[in-house]
Amino acid sequence: MDQPVLVVDLDGTLIHTDMLHESALKLFRDRPLDTLRIPLWLSRGKAVLKEQLASRTHVDPKTLPYNTALLSWLKSQKSEGRRLVLCTASDRSIADGIARHLDLFDEVMASDGTLNLAGPQKAQALVARFGDKGFDYAGNSEADLAVWAHARQAIVVEAPAGLVQKAAAVSTVSQVFERRPTGPSAWRRVLRVHQWLKNLLLFVPLIAAHDVYNLEAWGALVLAFFSFSLCASSVYIANDLMDLESDRLHPRKRLRPFASGLVPAWQGVLLAPFLLLASLGLGLMVGTMFLSWLLFYFSLTCAYSWMLKRLLLVDCLTLAMLYTLRIVSGAAAISQNLSFWLLAFSVFLFLSLAFVKRYAELQVHKRASGKVHGRGYQVADAPIIQAMGIVAGYASVLVLALYVNSDAVITLYDHPKMIWGAVPVMLFWISWMWMHAHRGEMHDDPLVFAVKDRTSQMAALAFALVLAVGTGSLGHFPW
């Protein structure tokens, strides 16, 4: 006896995402003014909203996060001669594109601008097409219970807790595809907690002034650290949501929680503004001067995420500014004046590290696909990026050498000649970082790499010891 047709849902079932959410995000990124029309479209019905979003955005079916376990099973069912139907509440233009890409389905049923094919409407359409109990249905949500009630068998895919039992109450559950776990590890990756290490740069002005016994300053900087970290996480989330397609084309970034569909996009949309508000609240506790720099940092990171990161060279200059802003903000938090030497050294050093980051990404793309999506670079640009980055790194060492030879060092350090030891340490470290980048061994964020790298840790310790010896005491360590 031939098996009945197998009907498969799209959003959350065949793919680990929701095309309505993705279309809205793409519209916000590419045509932000059009997002103001969403309430008007929605007032005319969800089918109209989906049609309007689909007509104004383009989704590449090749980049979507497919449920590979389900897809493999569907292919096996197809090979046994079973007829497959894609039935989705997403707009028909999107469903047809996915069906063409997969070349797996015999028929497509979808929302058409008039009928929103979800829940009871989907159930009615399937019964009218195949008859009551004349089909099996694969779905993932509470809305699918109305469909399962008329299906011969239910295939439950990555459903929330308790849905399997509810499906079993209205149909015969023949297959269950377990939900992927989203534990603390996933949320750490959403917030990119490891990136908070970069915000330790806020403490540089306090250490450079060697005012390490100032408990009041430490308290302000701890608040500033968490304020900056929450602000950065909100921007990381927004950036991930705006960059879904580019991340999915990246060999490693495609595994990020939003890009892979492990965490739904709508949760990021809610979380990002909450983190920003918490950040601003902590920033206000630190002081208005710090808060002004925090707002500038937020504005610049947003500009970077939306536009500047796609501009050749401007992206690296912006990254260098963002690194340096952490030092400037740390000084503002404790009302500390910054010297020309520290600022000049920081700008050149962070520009070199920004070039390391971009060079490492180009190396990854060279090994993977040879294409760079969402950037202003070509893979062939890697050698010139490498050259500019090394020059910038050595320029930072030159600034350090000029500082060591300045009157400030002679006046302020008990053993100024000892400070020269910092120069070869920095020369070694810059060269070390670029050697690893050249070998393709660099994490795409060089500061995170440096914090974890044993040799970089030893270089940092040597640098600190040289300066400590030069002061002659631990109580007098100015820049």
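One can find the structure itself at the top, above this paragraph.
Residues numbered from 1 in each chain as written. Predicted model: local features only at pLDDT ≥ 70, side-chain atom pairs only at ≥ 80, totals over all residues. Heavy atoms only, no water.

**Q** I'd like a rundown of the pairing of strand E3 (residues 107-111), residues and numbers included.
**A** For a regular strand, the rule is simple: side chains alternate between the two faces of the sheet. In terms of residue burial, E3 counts as a mostly covered element, since five of its five residues are buried. Of the pairings in the sheet, the one linking strand E2 (residues 84-91) to E3 comprises five bridges and is parallel in character. Looking at the pairing, Leu86 lines up with Val108 of E3. (Buried < 20%, exposed > 50% of the residue type's maximum accessible area, 1.4 Å probe, protein only. Helix = DSSP H or I, 4+ residues; strand = E, 2+ residues; numbered from the N terminus. Pairing = 2+ DSSP bridges.)

**Q** Before we move on, can you summarise the nonpolar core with the specific residues and values?
**A** Ranked by size, the top nonpolar core spans 88 residues in total, and within it Phe290, Phe350, Leu400, Met426 and Trp429 carry the most contacts. Sort the elements by how many residues they give to this core and helix H17 (residues 340-368) lands first, with 13 residues. Not counting the four nearest positions on each side in its chain, Phe290 is found in contact with Leu202, Ala224, Ser227, Phe228, Gly283, Ser329, Ala332 and Ala333. Membership of the second largest hydrophobic core comes to 29 residues, among which are Leu14, Met19, Val59 and Leu86. (Core = buried A, V, L, I, M, F, W, Y, C linked by side-chain atoms within 4.5 Å. Contact = heavy atoms within 4.5 Å.)

**Q** Any chance you could break down a nonpolar patch on the surface for me, citing the residues and the numbers?
**A** Together, Phe28, Trp306, Met307, Leu311 and Val314 make up an exposed nonpolar region whose accessible area comes to about 410 Å². Position of Phe28 relative to the elements: it lies in helix H1 (residues 19-30). (Patch = residues over 30% accessible without salt bridge, like charges linked within 9 Å, V, L, I, M, F, W, Y side chains within 5 Å. Areas by Shrake-Rupley, 256 points an atom, 1.4 Å probe, with all protein chains shown as cover. Salt bridge = Lys/Arg side-chain N within 4 Å of Asp/Glu carboxyl O.)

**Q** Which residues make up the pattern of salt bridges, and what are the values?
**A** According to the stated counting rule, one finds 24 salt bridges in the structure shown. Notably, a salt bridge pairs Glu107 with Arg83, separated by 2.9 Å at the nearest N-O pair. Separated by 24 residues along the polypeptide, Glu107 in strand E3 and Arg83 in the loop between helix H4 (68-79) and E2 bring together distant segments of the chain. Residue classification places Glu107 among the buried positions, given a relative accessible area of 17%. Across the pair Asp136 and Arg152 runs a salt bridge, and its minimum N-O distance is 2.9 Å. Of this pair, Asp136 sits in strand E4 (residues 135-139) while Arg152 sits in the loop between helix H7 (145-148) and strand E5 (153-157), placing them 16 residues apart in sequence. The buried category is assigned to Asp136, whose relative accessible area is 1%. A network of salt bridges, in which partner residues are shared, links Arg31, Asp34, Arg37 and Arg56.

**Q** Any details on the pairing of E5? Residues and values, ideally.
**A** Counting buried residues along E5, four of its five residues qualify, which places the element largely inside the surrounding structure. Sheet topology places E4 next to E5; four bridges connect them, and they run parallel. Residue pairing for E5: Tyr137 is matched across the bridge by Ala154. For E5 and strand E6 (residues 172-177), the ladder comprises five bridges, and the chain directions are parallel. In the sheet register, Ala154 faces E6, and the bridge partner there is Val173. Regarding topology, helix H8 (residues 163-170) serves as the crossover connection from E5 to the parallel E6, and that connection is right-handed. (Right-handed = clockwise from strand over helix to strand, strands pointing away.)

**Q** Before we move on, could you go through the side chain of Lys198 and cite the residues and values that matter?
**A** Looking at where Lys198 falls in the secondary structure, it is placed in the loop between helix H9 (184-191) and helix H10 (204-208). Taking the relative accessible area as the measure of exposure, Lys198 reaches 9% and is therefore buried. If we ignore the near neighbours within four places in the chain, the residues touching Lys198 are Tyr236, Tyr323, Arg326, Asp445 and Leu447.

**Q** Lay out the packing of helix H18 (residues 382-404) against helix H20 (residues 422-438) with the relevant residues and their values.
**A** Their axes nearest at 9 Å, the elements H18 and H20 cross at an angle of 170°. Looking at the two axes, H18 sits roughly antiparallel to H20. Along the contact surface, H18 presents Ile385, Gln386, Gly389, Ile390, Gly393, Tyr394, Val397, Leu400, Ala401 and Val404, while H20 presents Ala422, Val423, Met426, Leu427, Ile430, Ser431, Trp434 and His438. Grouping the amino acids of the contact of H18 with H20 by side-chain chemistry returns 13 nonpolar, five polar and no charged. (Axes fitted to C-alpha atoms, helices over the stretch in contact; angles between N-to-C directions. Parallel < 35°, antiparallel > 145°, perpendicular 65-115°, else oblique. Nonpolar A, V, L, I, M, F, W, Y, C, P; charged D, E, K, R; others polar.)

**Q** Provide a residue-level description of unusual backbone geometry, including the pertinent values.
**A** Positive phi, normally seen in glycine, also occurs at Glu158, with a value near 45°. Here Glu158 is to be found in the loop between E5 and H8. Look at Glu158 and you get buried, because its relative accessible area is 13%. Not every positive phi belongs to a glycine, and Ser335 is a case in point at roughly 55°. Mapping Ser335 onto the fold places it in the loop between helix H16 (314-333) and H17.

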